[in-house]
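Descriptive structure summary
One letter stands for each residue in the lines below.
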Amino acid sequence: QVQLVESGGGLVQAGGSLRLSCAASGSIFSSSVRSWYHQAPGKQREFVAAITSGGNTNYANSVKGRFTISRDNAKNTVYLQMTSLKPEDTGVYYCRLMVATNDYWGQGTQVTVSS
């Protein structure tokens, strides 16, 4: 019913920046909650950031002051601007969309931060 496609991952040095994007197919999901999760190698998937349809945001303590989540409802797209990247930020970043009773996940995009 809905597909999420992440992009923007890559290899950067510590202190660098990346901007991730996640586009959702189909209708305009203006009432949805959009969020990002991070899964480090060999670890569980963890919450990173979320944004509601009204623009309210929430961040994991580990990324506060470094990452910014935003959305463009007209484009069904959510972004994660990542700055001051650290080696521990390395891993797969997943996009999530929650609307009504539905929960959708993207395929993930790899971020590697070298020291």
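Residues numbered from 1 in each chain as written. Predicted model: local features only at pLDDT ≥ 70, side-chain atom pairs only at ≥ 80, totals over all residues. Heavy atoms only, no water.

1. What to know about the nonpolar core
- Membership of the largest hydrophobic core comes to 28 residues, with the highest contact counts inside it found for Trp36, Leu80, Met82 and Tyr93.
- Counting residues per element, the ones that place at least two in this core are β3 (18-24), β5 (45-51), β7 (67-72), β8 (77-82), β9 (91-99) and β11 (109-114). (Core = buried A, V, L, I, M, F, W, Y, C linked by side-chain atoms within 4.5 Å. Buried < 20%, exposed > 50% of the residue type's maximum accessible area, 1.4 Å probe, protein only. Helix = DSSP H or I, 4+ residues; strand = E, 2+ residues; numbered from the N terminus.)

2. Side note on the side chain of serine 32
- With respect to the secondary-structure elements, serine 32 resides in the loop between β3 and β4 (33-39).
- Setting aside residues up to four positions removed in sequence, serine 32 forms contacts with Ile51, Thr52, Ser53, Arg71, Leu97, Met98 and Val99. (Contact = heavy atoms within 4.5 Å.)

3. Focus: the pattern of salt bridges
- Evaluated as defined, the whole model comprises 2 salt bridges.
- Aspartate 103 is the salt-bridge partner of arginine 96, the closest N and O atoms lying 2.7 Å from each other. (Salt bridge = Lys/Arg side-chain N within 4 Å of Asp/Glu carboxyl O.)

4. Considerations on the state of the cysteines
- Scanning the entire structure with this criterion turns up 1 disulfide.
- Across the disulfide, cysteine 22 is cross-linked to cysteine 95 (sulfur-sulfur distance 2.1 Å). Taking the sign of the S-S torsion, about -85 degrees here, the bridge from cysteine 22 to cysteine 95 comes out left-handed. A residue pair is termed long-range when its members are at least 10 positions apart, and cysteine 22 in strand β3 and cysteine 95 in strand β9 qualify at 73 residues.
- Judged by relative accessible area, which is 0%, cysteine 95 ranks as buried. (Disulfide = S-S within 2.5 Å.)

Any link to function would need more than the numbers given here.
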